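Structural description and commentary
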Amino acid sequence: MKILLDTANTKSIEEILPYFPIAGFTTNPTILSKESENVRETLLKMMELANGKLMIHAQVTAADTAAIVEQAKELKQFIGDNFYAKIPMTLQGLRAIPLCKAQGINCTVTAIFTPMQALMAGLAGADYVAPYVDRLDNITSNGVNVVKEIVDLFHIYNLDTQVLAASFKNVQQVYNVASMGAHAVTVNTDLCMKLLFHPYTDKSLEDFEIDWSARFRNQEITDLLK
């Protein structure tokens, strides 16, 4: 499963990138409006951090098909081949997917809330679909089950489209979609850090240090090889 960072805070990305197996970054109009003072500079910094290898999923702001395709073309020209155009699941967006794909533009269809939306996007040629897990939970639906149903549909119809699950509030949700076969998740940096946490991990390390120091004081294990 791929892990992407759902943020435009490049300082936070820099802090976390050396430690986690990050596959890329995702943004949307809300994230950029809240976290970026200069969209161009933010994207340039993300490109630098991606180094042409990590994915950058950036969302178009246009609503009609022609403008969506034009924005996707300009963004790809700016960012490069590792760019994925995030296209909302709308009638105009659905029409734009094959047009973008015909021009070699990767497509991630976002704001997915039903398996049928995901299937339509997959049949249109989307590379990724992004179901919103926590938002589904908040309307008394079941986001994890929706992810599973999408994964199952893609398997049944032998589609190459992958599920990029989004909208998480806790580690349990991330684990649950991972266990359902989600191909990727996008999480903010705070939640990404929490993927590692368990109190007994910390307690075990404390115990190791106490027991070692009681017997060997300040010596390291390699000191005892001499």
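Residues numbered from 1 in each chain as written. Predicted model: local features only at pLDDT ≥ 70, side-chain atom pairs only at ≥ 80, totals over all residues. Heavy atoms only, no water.

Quick notes on the packing of aromatic side chains
Tallying each qualifying case throughout the model produces three aromatic pairs. On the numbers, 5.4 Å between centres and 75° between planes, the contact of Phe 113 with Tyr 132 is edge-to-face. With Phe 113 in the loop between strand S5 (106-112) and helix H6 (115-124) and Tyr 132 in the loop between strand S6 (128-131) and helix H7 (133-138), the pair connects residues that are 19 residues apart, well separated along the chain. For Phe 113, a relative accessible area of 27% gives the class partly exposed. Note on Tyr 132: relative accessible area 12%, which makes it buried. Judged by centre distance (4.4 Å) and plane angle (40°), the rings of Trp 212 and Phe 216 are tilted. Taken together, the positions of Trp 212 and Phe 216, both in helix H11 (residues 199-216) and four residues apart, correspond to about one turn of that helix. (Phe/Tyr/Trp six-rings, centres within 6.5 Å; stacked < 30°, edge-to-face > 60°. Helix = DSSP H or I, 4+ residues; strand = E, 2+ residues; numbered from the N terminus. Buried < 20%, exposed > 50% of the residue type's maximum accessible area, 1.4 Å probe, protein only.)

Notes on the nonpolar core
A general trend in soluble globular proteins is that nonpolar side chains are found buried together. Phe 25, Val 129, Phe 168 and Val 177 are the most contacted members of the largest nonpolar core, which has 56 residues in total. Broken down by element, this core gets its largest block of residues, six residues, from helix H8 (residues 143-156). If we ignore the near neighbours within four places in the chain, the residues touching Phe 168 are Val 133, Asp 134, Gln 173, Val 174, Val 177, Val 185, Thr 186, Val 187 and Leu 191. Of all hydrophobic cores here, the second largest spans seven residues; its members include Leu 4, Met 55, Tyr 84 and Tyr 128. (Core = buried A, V, L, I, M, F, W, Y, C linked by side-chain atoms within 4.5 Å. Contact = heavy atoms within 4.5 Å.)

Remarks on the environment of Lys 34
Locating Lys 34 in the fold gives a position in helix H2 (residues 29-35). By relative accessible area, which is 68% here, Lys 34 ends up exposed. Sequence separation of Lys 34 and Thr 7 is 27 residues, and the distance between their C-alpha atoms is 9.8 Å.

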